[in-house]
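Architecture at a glance
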Amino acid sequence: MQLSFAAPSLNSAGALVLGVQAGGVFTPLAMDADRAAGGALKRAVDASSKFQGKTGQVVEVLAPQGLKAARVLLVGMGKGEDFNTGSAERLGASVVARLYTSGTAAIVFAVDAPKGSKFKPGALAAHLAMGAKLRSYGFLHYRTKARDEYESTIKSVTIGTRDTAAAKKLWATMDAVADSVFLARDLINEPPNVLYPAAFATRAKQLSKLGLKVEVLGEAEMKKLGMGSLLGVGQGSERESQLVVMRWNGARKKDEAPIAFVGKGVCFDSGGLSLKPGASMMGMKGDMGGAAAVTGTMRALAARKARVNAVGVIGLVENMPDGKAMRPDDVVTSMSGQTIEVLNTDAEGRLVLADALTYTQRKFKPKFVIDLATLTGAIMVALGHDHAGLFSNNDQLSTRITDAGKAVGEPVWRLPLGDAYDKLIKSKIADMKNIGGPYAGSIVAAQFLQRFVEKGQAWAHLDIAGVAWQDGEHKPLSPGWGVGWGVRTLDRLVADNYEK
Ligand code: BES
Ligand code: MN
Ligand code: ZN
């Protein structure tokens, strides 16, 4: 799909998109088009008695006289004062979703900012484009049949704007971020027989084309480093565990301490010997969603040449049961030196993150470290599919992540940490156990991680089990399954706070 910006035109073939405000008030471009069509658009709106210009409402007019367009979409924009970047993205996305397999090859947006909104024309265009692009994603690698049912017919999207220069400038970075979201989605969507740890590492390595330094540690190297916790998880798998380190050095001061992202990359989580029931195992190819978000974020920073030093570390393993697999009751020694009694091999993500966190902090002395993980089913009990869970020892970092998430439509909700929860992972024979009791499962997991946060280190943990992929219902900006959650939030966090 080709995206471009041009001066608004009502004179194109294909699908013409026009904006209508709350109360059915036509925006100026919609008025012009209506005039050209001899009033046919207003008549169509009147004929559809339900249409009031509310967000999400659409009236479609086919082949109106006086206009070249094969179809006109009158889309509701709601109240001008409520219309923000998220509304623009959802609008762009909803048009693409509606016309995805319609046969329409060209879409032309002639959408004015609604009266009362604070949009500058270039920004409106860029966010319409962002929504359109994010929703245009498809994952068709494994479809050999009936592709026309799934494949988009949309070849070009032209966004009309009164400030093409500003739109193009904004779009250059947003486009890079969108492509990075696509990378994260691809990684999540790939089946686990294809995307096993070494295959994931190979894909990360390909990012060196963009100027990232990518290093891959295998099991022998991790063993030398004492990563008994991470290695324990991968030990029942035929596939070799990997630790991938991606570095982007874009700061003006080359030796400035980096910021760090750490991702859980369980390429498939069977539960190990504490085997999951069959139905719960479905979708566990997505248990590397944290690693995908970190990889996508590092790609975005490199692609848009962010003025920051950043490191992304992902622990890639497959959690499988076999004769060599870790047993419930095993005790493993982590790189930090702390011992862990493994009472449930299905609480494996924290074991992977423990060593990845220690490695990252000791090696890079980062300004902060943020880990992302599809860590607990319990986070879905608490927050459902709309918010990721946030845990942190640092209020400033917490606020910044929360603000960034809000700005890009990936909301997070902070949950507490505390000694009372930490007690729940006391072990009878080791420094800690890897599970708590029946309650507060997401907090217990975060407490476990916090035991691997070094003194004075600013840290945040995002539990993304509820948002990394979607079953059934679609999110407005994502057509299905892998969402690529986190790439936009982390990129925004960097852009707003850590670039100089
Ligand atoms: N990968 C799962 C968490 C998960 C569950 C993610 C459902 C997405 C959807 C994680 O490794 C896990 O199995 N967690 C256990 C922890 C428990 C054994 C303490 C869980 O949530 O049940
Ligand atoms: Mn598990
Ligand atoms: Zn898992």
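Cut-offs applied
- Residues numbered from 1 in each chain as written.
- Chains lettered and ligands numbered in written order.
- Predicted model: local features only at pLDDT ≥ 70, side-chain atom pairs only at ≥ 80, totals over all residues.
- Heavy atoms only, no water.
- Donors = N, O, S within 2.8 Å, 3.2 Å for Na, K, Ca; no water.
- Tetrahedral: all angles 85-135°; square planar, octahedral: opposite > 155°, others 65-115°.
- Helix = DSSP H or I, 4+ residues; strand = E, 2+ residues; numbered from the N terminus.
- Salt bridge = Lys/Arg side-chain N within 4 Å of Asp/Glu carboxyl O.
- Buried < 20%, exposed > 50% of the residue type's maximum accessible area, 1.4 Å probe, protein only.
- Phe/Tyr/Trp six-rings, centres within 6.5 Å; stacked < 30°, edge-to-face > 60°.
- Lys NZ or Arg CZ within 6 Å of the ring centre and 35° of its normal.
- 1 Å grid on protein atoms, 1.4 Å probe; cavity = no way out; pocket = protein on both sides within 12 Å on 5 of 7 lines; lining within 4 Å.
- Points joined across faces, edges and corners; volume = space filled by probe spheres on them.
- Nonpolar A, V, L, I, M, F, W, Y, C, P; charged D, E, K, R; others polar.
- Near = heavy atom within 4 Å.
- Polar contact = N/O pair within 3.5 Å; in protein donor to acceptor, adjacent residues only side chain to side chain.
- Areas by Shrake-Rupley, 256 points an atom, 1.4 Å probe, with all protein chains shown as cover.
- Sits in = over half its atoms within 2 Å of the grid points.

Things to note about the coordination of the zinc ion (ligand 3)
Around the zinc ion (ligand 3), the protein contributes the donor atoms K264 (NZ), D269 (OD), D287 (OD) and E348 (OE), which lie 2.0 to 2.4 Å from the metal centre. Because the angles between the six donor atoms bound to the zinc ion (ligand 3) fall within 78 to 175°, the donor set is best described as octahedral. Considered as a linear motif, the donors of the zinc ion (ligand 3) on their single chain read K-x4-D-x17-D-x60-E. In this model, the zinc ion (ligand 3) sits 3.2 Å from the manganese ion (ligand 2), the two metals being bridged by D269. Residue D287 is located in the loop between α10 (278-281) and α11 (289-303), and its partner E348 is located in the loop between β13 (339-341) and α12 (349-364); the two are separated by 61 residues in the primary sequence.

Quick look at the pattern of salt bridges
A complete count under the given rule lists 22 salt bridges for this structure. D112 is the salt-bridge partner of R162, the closest N and O atoms lying 2.7 Å from each other. With R162 in the loop between β7 (156-160) and α6 (164-189) and D112 in the loop between β6 (106-110) and α4 (121-135), this residue pair connects regions lying 50 residues apart in the sequence. R162 sits in the exposed class, given a relative accessible area of 56%.

As for the coordination of the manganese ion (ligand 2)
Protein coordination at the manganese ion (ligand 2): the donors are D269 (OD), D346 (O), D346 (OD) and E348 (OE), at 2.1 to 2.2 Å from the metal. In this structure, the manganese ion (ligand 2) is coordinated by six donor atoms arranged in irregular fashion, with angles at the metal of 72 to 168°. Sequence spacing of the donor residues for the manganese ion (ligand 2), all on one chain, is D-x76-D-x1-E. Of the residues examined, D269 reaches a relative accessible area of 3% and is grouped as buried. We classify E348 as buried; its relative accessible area is 1%.

Here's the deal with the packing of aromatic side chains
Summed over the entire model, instances satisfying the criterion amount to nine aromatic pairs. K285 extends its terminal NZ or CZ atom over the ring of W481, reaching a point 4.9 Å from the ring centre.

Details of empty space enclosed by the protein
Across all of its chains, the model carries one cavity of 30 Å³ or more by this definition. Here the largest cavity is characterised by a volume of approximately 40 Å³. Contributing to the lining of the largest cavity are G232, V233, Q235, G236, G272, L273, N319, M320, A325, M326 and T345. In terms of residue class, the lining of the largest cavity is made up of five nonpolar, six polar and no charged.

Some details on the site of ligand 1
By nearness alone, 17 residues border ligand 1, and K276, D287, D346, E348 and G377 come closest of all. One of the side-chain nitrogen or oxygen atoms of D269 is found 2.9 Å away from an oxygen atom of ligand 1. At a separation of 3.4 Å, a nitrogen atom of ligand 1 approaches a polar backbone atom of T374. Isolated, ligand 1 exposes 520 Å² of accessible area, and the fraction of that covered by the protein chains is 77%. For ligand 1, the cavity whose grid points lie within 2 Å of the majority of its atoms is the largest pocket. In terms of residue class, the shell around ligand 1 is made up of six nonpolar, four polar and seven charged.

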